Amino acid sequence: MSGGGQLGDRLVDLGFGAGWAVASRTPPPVTARVFQAIGGRLWASHGAGVRQLEANLERAVPGASAAELRGLSRAAMASYFRYWHEVFRLPSEPPQRIVSSVVTVNEAPLREAMAKHRGAVVALPHMANWDHAGAWASLTGMPVTAVAERLRPESLFDRFVDYREQLGIEVVGLPRGGASADGEPASVSGRSTVRALRDALKRGRLVCLVADRDLSRTGIQVTLLDEAARLPSGPAALARLAGAALFAVTLSYSGPSLRLSISDPVPPRPGAAGLAAMTQDIADHFSAGIQHAPVDWHMLQRVFVADLASGPAPRSAA
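Each chain has its residues counted from 1, following the order in which its sequence is written. In keeping with the model being predicted, local features are shown solely for residues with a pLDDT of at least 70 and side-chain atom pairs are shown and tallied solely at 80 or more, while totals for entire chains, interfaces and linings include all residues. As a convention, hydrogens and water are excluded, and side-chain values are obtained from all of the structure's heavy atoms.

## Description of the overall build of the protein
Counting from the N terminus, the helices are the DSSP runs of H or I reaching at least four residues and the strands are the DSSP runs of E reaching at least two. Helix and strand counts for the protein come out as 12 helices and 9 strands. Relative accessible area decides the class of each residue, using a 1.4 Å probe on protein chains only: under 20% of the type maximum gives buried, over 50% gives exposed, and in between gives partly exposed. By residue count, 50% of the 318 residues in the protein fall in the buried class. Note on contacts: a residue pair qualifies if any of its non-hydrogen atoms lie within 4.5 Å across the two residues. In the protein, of all internal contacts separated by at least 6 residues, the share reaching a separation of at least 24 is 76%. Summing over all exposed atoms, the protein offers an accessible surface of approximately 14200 Å²; the carbon and sulfur share of this is 57%. Method for areas: the Shrake-Rupley scheme with a 1.4 Å probe, in which residue coverage is limited to the protein chains shown.

Okay, structure coming up:
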């Protein structure tokens, strides 16, 4: 790695460290204004990430005019930077506030599955604040294990692991390289990740996997928002392998609260066709949730097959 690259990584790491330190000591209205100003500036610059966000929102809100898409993307960036503001503040929030600010739809089937002490797998999209949802679950008797993609520098990854552990979330590091089409990670270290997640399920934990973008580019093609997209097969494959219940959950902001919409259990089906059908069930729940709250879908990357064919994905605005 070049000296410039090392310096840039170090600055990123220090920036995140400073963010957690300052946000916990600064009145929320002040830090909220700072984050909204950053989000507004990035939206106004109309860079590649924001343009891709608008392309994704166009699928969620078909028929929207160019002006309407700009308005939607502005609201989506405000939602996205609300998430980042909350990331820096969550460790200092009282547990009772974390719990009381969550409202749920169809929570009972998930509770029933967890009561069987066999764990459950939850597939989530990049919507609203999934860290808040994980903290809520852990605080209300459903201990969470999550997978995190390894970040550069390693010290930044360690910061995020520490942050999530403060929220009660157990973190399993995901090796670079992604997963194969059958849901098994391609590398030996990836297989150890699957073993770690199976062990978490055996311990009766809730394994949460963000699953609306295929990092490996070998995922299963599904219909998302009435268009072909590729989603990872990992949640369905893991649930089927471990004999655990599988759910899809979408998230949205409702005023000061976080709203979780939980699917019914996704029925297991055998074979490759069954894995595809299970992943399509997840995509269907995602589609409904995104259409309900499109501005809370923080997707600044390419998801749809038509976009993936056109070249490298833009970098996230963050």
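More follows now that the structure is in view.
## So, the packing of aromatic side chains
To pair, rings of Phe, Tyr and Trp, with the six-membered ring standing in for Trp, must have centres within 6.5 Å; the planes then decide the type, stacked if under 30 degrees apart, edge-to-face if over 60, and tilted in the middle. Tallied over the full model, the rule gives 8 aromatic pairs. On the basis of an interplanar angle of 75° and a centroid distance of 5.5 Å, the ring pair of Tyr80 and Phe81 is categorised as edge-to-face. Residue classification places Phe81 among the buried residues on the basis of a relative accessible area of 6%. An angle of 35° between the planes, with centres 6.4 Å apart, marks the rings of Trp84 and Phe88 as tilted. Taken together, the residues span about one helical turn, with Trp84 and Phe88 both in helix H4 (residues 66-89) at a distance of 4 residues. In this pair, the class of Trp84 matches that of Phe88, namely buried. An aromatic cluster is built from Phe35, Tyr80, Phe81, Tyr83, Trp84, Phe88, Trp130, Phe160 and Tyr163, whose rings are joined through pairwise contacts. Charges are assigned to positions over rings by a cutoff of 6 Å between ring centre and Lys NZ or Arg CZ, combined with an angular limit of 35 degrees from the ring normal. The lysine or arginine in question, Arg82, covers the ring of Tyr253, its NZ or CZ lying 3.7 Å from the ring centre.

Keep in mind these values describe shape, not function.
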